[in-house]
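Overview (structure and organization)
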There are 2 protein chains.
Amino acid sequence: MSYKPSDRLARPDSAELAAAIEILKQRFGERLSTGLAVREQHAHTLTWIANEPADAVIFAETEAEVIEVVGIAARHRVPVIPFGTGTSLEGHVNAPVGGISLDVSRMNAIREVHAEDLDVVVEPGVTRKQLNDYLRDTGLFFPIDPGADASLGGMAATRASGTNAVRYGTMKDNVIAMRVVTADGSVVTTASRAKKSSAGYDLTRLFVGSEGTLGVITELTLRLQGIPEAISAGICPFPSVKAAADAVILTIQSGIPVARIELLDGLHVKAVNAYSNLTLPEQPLLMLEFHGTEASVAEQSTRFGEIAADHGGGPFSWTTRPEERTKLWQARHDAYWAALGLRPGARAFATDVCVPISRLAECIDETVEDVERHGLIAPVVGHVGDGNFHLTALVMMEDLDEVARMEAMVDRLVLRALAFGGTATGEHGVGQGKAGYMPIEHGETGVRLMRRIKHAFDPDNIFNPGKILPVE
Amino acid sequence: MSYKPSDRLARPDSAELAAAIEILKQRFGERLSTGLAVREQHAHTLTWIANEPADAVIFAETEAEVIEVVGIAARHRVPVIPFGTGTSLEGHVNAPVGGISLDVSRMNAIREVHAEDLDVVVEPGVTRKQLNDYLRDTGLFFPIDPGADASLGGMAATRASGTNAVRYGTMKDNVIAMRVVTADGSVVTTASRAKKSSAGYDLTRLFVGSEGTLGVITELTLRLQGIPEAISAGICPFPSVKAAADAVILTIQSGIPVARIELLDGLHVKAVNAYSNLTLPEQPLLMLEFHGTEASVAEQSTRFGEIAADHGGGPFSWTTRPEERTKLWQARHDAYWAALGLRPGARAFATDVCVPISRLAECIDETVEDVERHGLIAPVVGHVGDGNFHLTALVMMEDLDEVARMEAMVDRLVLRALAFGGTATGEHGVGQGKAGYMPIEHGETGVRLMRRIKHAFDPDNIFNPGKILPVE
């Protein structure tokens, strides 16, 4: 069920499009670009999905400018595709019928830090690393860490998560409120800064994960965490994925508040060893982190080590030394690049699914077997505390047969996850690549309700058309 | 801004209503009641809002029956008001223009416990205590604890929370998925059992807190927690609300994973002492609970004690003995009844607001001063870790002047919370009582989007009309 551009998606009227771009050009001058290189860069995704550039790229600097762009685009019925850093993975920023790519990366001010309330107000172009650098002296941090240094607006739009989600949740749990420019040009503040509310429909959670299809995020209020007094981290090899997954289940059931618990399969460990010059045992490996006081992280680490041993795992070697921890997690964050190193010349096709944790080992084992049976190379890495795992398929794009086998394998992977009671994507989002699975995952009624939401918020379909739901 | 029944809300056609009830009577026999006592009991709310009974009450026993009722009601354009235990506080279950009260309390089966995945599948009429009794031997528990033994369907519908929310979140965070009967009679499953997903609009969070206005919940998948190995609990008096709030802020900033942190003002402590035969110091008091291992709860308790002392609080007396903990929390859960004891013959009018925690002390202090200035009696109790507090106004209902002063005082309270960057309700919901504040809280655009959601899901306005949004 690979993505093919749809000819059923309505193109904007070419005269209207030209008129809109002309008006915007006069208004934004050098900050509007129609050059192919810039347009293609703004349709770039880290996948094999074909590049579909917008007709123009605008670099907005204020919410007022976003309102202006949306107003002009709406009047001329021209698509608007919000753009942050372009690190999404499923064709989210493509412009299948053209339109305006609305780049908000220059809206990157950190507006207010409320240390007592553990929240921060930022513009959408602020990246997660920028935010954490800024916060360093406050004793606070923002825990959501997708692989890329993504923009926080984009992370909210795709409901991103990462390695810390098992303890701190996903963007769903860490966006307190947003300001969003809607299709009629008015701005909604989705919620107050109160930590909880029962006052009406949850607009915040509706915009989180909506992938730019319901409005343009212009401000975010995000939840922060205190930097833990002590952190321990370590690695633990296991004889099988099943043994590792069982240890993870018992760890979570026991209420050990693990902050990170990541699985690499043997192939991925091999890749990481080569890339990061390490000598990790090349078998299923858990990488863990614990947050708390000195005494608490020691206790958590010891208890995990006992659970691991009970499942045939170990030795669990852990440390609280910052430089060793940093090295460990840098290796984890470089896993994508490490995977590429397994097969020089290949392109990496990253996909993710998420299943109930009780089915995780079975789902991974069947997937690895499927990959091997079809002569493919695709290491596995997983946020196993959430039942979420990634496959990085390494494919020679000029080998069309191999590409076809890879596509079919990914299709089986997604259907397998759905059959196991899971979801087509745990954290990458739908974009174009997974839109075809939404009717299977959500059923006819679910898709109908989603279409109604889209229509209620964006009746002329100007916001990021052709994403999330399959074209009717 | 007290609630007045609106004559602008469309009444169902009386012939259509009679026809619908006749059909339902034939179908449900004794399980449909038109007796006044039953109808009034189903419009009962724990407030002063006038009772507005439905025309008939149906006791549904299966999802198929709910579908039937919704289908017949939709065909005849007759309102359907979902009903669980009737413990909501803002007129949620009233039938301002009549219709059918759809009682799902008999749908109370616990269907599946997935211990490895830490989730459970229940019917909507299961109550929180029933669920926790059932789970007792599994080592798992469901943490959300509003005061009443509410139904889980109702708790999802009102986005309930309670004393554990500071650690475990609210219903927003603990509902994994639901089955919901929609206006056209089709059923949607809002999500899979996967712990996280980025697959499309968040239907789960849209139904959580929708107060029965978008559909009828017929099944819930809920997140469970492991029962902590050790629990400590204790009380700590403070010289002022401000000192207590500052201690709470520092506790949370320090990353101490406090499970409960409740504030009673001096008046409420007095009420609790009298009701529960205790001798607590009658000044602002924090009641706390810590979850973890033996070593960890001891460490958390010690550290909190230090923070409290730094803010002039203490002594912090804590224990891990179950019988003492139970006594303490029973007193907290009886606070509503204790408050009633302060003024025999009075009715209690409970309201709640939630503000950023940095503004909490100021908001409470101004409120207490306002209460006293207007000769009212209204003790304060708060889930202070969330910035959420309750006022239980004790009013002689036959004293119309006092009732008017109470209403005006509650109005000022809500406007004060909104002015402090908070919300009109942290956990009670909107119902009828707070619908008038939604335009202030969400602005014109926010209310317009909410109306569009309502219209998209329920174009004929059959689900719980007259709730959440003010009648246009």
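Analysis parameters
- Residues numbered from 1 in each chain as written.
- Chains lettered and ligands numbered in written order.
- Predicted model: local features only at pLDDT ≥ 70, side-chain atom pairs only at ≥ 80, totals over all residues.
- Least-squares fit on C-alpha atoms with pLDDT ≥ 70 in both.
- Buried ≥ 20, exposed ≤ 12 C-beta atoms within 10 Å, placed from the backbone.
- Helix = DSSP H or I, 4+ residues; strand = E, 2+ residues; numbered from the N terminus.
- Pairing = 2+ DSSP bridges.
- Domains from an automatic or database assignment.
- Contact = placed C-beta atoms within 7 Å.
- Nonpolar A, V, L, I, M, F, W, Y, C, P; charged D, E, K, R; others polar.
- Axes fitted to C-alpha atoms, helices over the stretch in contact; angles between N-to-C directions.
- Parallel < 35°, antiparallel > 145°, perpendicular 65-115°, else oblique.
- Left-handed = near helix turned anticlockwise from the far one by under 90°.
- Core = buried A, V, L, I, M, F, W, Y, C linked by C-beta atoms within 7 Å.
- Expected span 1.5 Å × (residues − 1).

1. A word on the relation of the copies chain B and chain A
If you rotate chain B by 180° and push it 0.0 Å along the axis, it lands on chain A with an RMSD of 0.0 Å. Taken together, these values place the two copies in the relation of a two-fold axis.

2. Thoughts on the pairing of strand β18 (residues 388-395) of chain B
For a regular strand, side-chain orientation follows a simple rule: the groups alternate between the two sheet faces. Residues and elements named next belong to chain B. β18 sits mainly inside the fold: eight of its eight residues count as buried. Burial along β18 is two-sided: N388, H390, T392 and L394 and F389, L391, A393 and V395, pointing in opposite directions, are all buried. Strand direction decides the pairing type here: strand β16 (residues 347-354) and β18, joined by eight bridges, are antiparallel. Bridge pairing in β18 links A348 to L394. Direction of pairing for strand β17 (residues 380-383) relative to β18: antiparallel, over a ladder of four bridges.

3. Side note on the domain arrangement of chain A
Residue and element names in this part refer to chain A. Under the domain assignment used here, chain A contains domain 1 (14-106), domain 2 (110-226) and domain 3 (229-433). A straight line from the C-alpha centre of domain 1 to that of domain 2 covers 23 Å. On the side of domain 2, 20 residues touch domain 1, which itself brings 18 residues to the contact. Top contributing element to the side of domain 1 that touches domain 2 by residue count: helix α3 (residues 63-75), with six residues. Split into classes, the residues belonging to the side of domain 1 that touches domain 2 amount to nine nonpolar, seven polar and two charged.

4. Observations concerning the interface of chain B and chain A
Each side of the interface is counted separately: chain B has 77 residues, and chain A has 78 residues. Within the residue set of the side of chain B that touches chain A, elements represented by two or more residues are α7 (171-174), β9 (187-189), α8 (203-207), α9 (241-253), α11 (294-310) and α16 (438-457) of chain B. Per-class residue counts for the side of chain B that touches chain A are 28 nonpolar, 33 polar and 16 charged.

5. Notes on the packing of helix α9 (residues 241-253) of chain A against helix α14 (residues 360-373) of chain A
The relative placement of two packed helices comes down to the angle between their axes together with the axis-to-axis distance. Residue and element names in this part refer to chain A. Contact pair α9 / α14: the axes reach a minimum separation of 9 Å and the direction vectors enclose 155°. Compared by their axis directions, α9 and α14 come out roughly antiparallel. By crossing handedness, the relation of α9 to α14 is classed as right-handed. When α9 is examined against α14, the residues V241, K242 and A245 are found in contact with a partner set consisting of L360, A361, I364 and D365. Looking at the contact of α9 with α14 residue by residue, the classes come out as five nonpolar, no polar and two charged.

6. Points about the nonpolar core
Core analysis: the biggest nonpolar cluster contains 294 residues, and V69 and L102 of chain A together with V69 and L102 of chain B have the highest contact counts within it. With near-sequence residues (within four places) excluded, V69 of chain B lies in contact with L24, I58, A60, V80, I100 and L102 of chain B.

7. Remarks on unusual backbone geometry
All names here are of chain A. A cis geometry characterises the amide bond from G314 onward to P315, with omega recorded as 0°. In this structure, P315 sits in the loop between α11 (294-310) and β15 (317-319). Look at I468: it is not a glycine, yet its phi comes out positive at around 70°. Position of I468 among the secondary structure elements: in the segment after α16 (438-457). Exposure remark for I468: the 28 C-beta atoms within 10 Å place this residue in the buried category.

8. Quick word on α9 of chain B
Helical geometry: 3.6 residues make up each α-helical turn, so side chains three or four residues apart lie on a common side. For α9 of chain B, spanning 13 residues, the distance from its first C-alpha to its last is 18 Å, which sits close to the expected 18 Å at 1.5 Å a residue. Taken across its 13 residues, α9 of chain B has ten buried, putting it largely inside the fold. For α9 of chain B, the full list of buried residues reads V241, A244, A245, D246, A247, V248, I249, T251, I252 and Q253 of chain B. Buried residues in α9 of chain B make contact with β11 (225-226) of chain A together with β13 (258-264), β14 (285-292), α11 and α14 (360-373) of chain B. G255 of chain B lies just past α9 of chain B and shows a positive phi near 80°.

9. Brief notes about the environment of I21 of chain B
For I21 of chain B, the position within the fold is in helix α1 (residues 14-28). For I21 of chain B and H76 of chain B, which are 55 residues apart along the polypeptide, the C-alpha to C-alpha distance reads 9.7 Å.

10. Observations regarding the sheet that holds strand β6 (residues 119-122) of chain A
Residue and element names in this part refer to chain A. Across the sheet, which stays open at both edges, the five strands sit in the order β5-β6-β10-β8-β9 with antiparallel pairing between neighbours. The open sheet has two edge strands with one neighbour each: β5 (110-114) and β9 (187-189). Across this sheet, the average inter-strand angle for adjacent strands is 15°, counted without regard to direction. Strand direction decides the pairing type here: β6 and strand β10 (residues 216-223), joined by four bridges, are antiparallel. Bridge assignment links D119 to a residue of β10, and that residue is R223.

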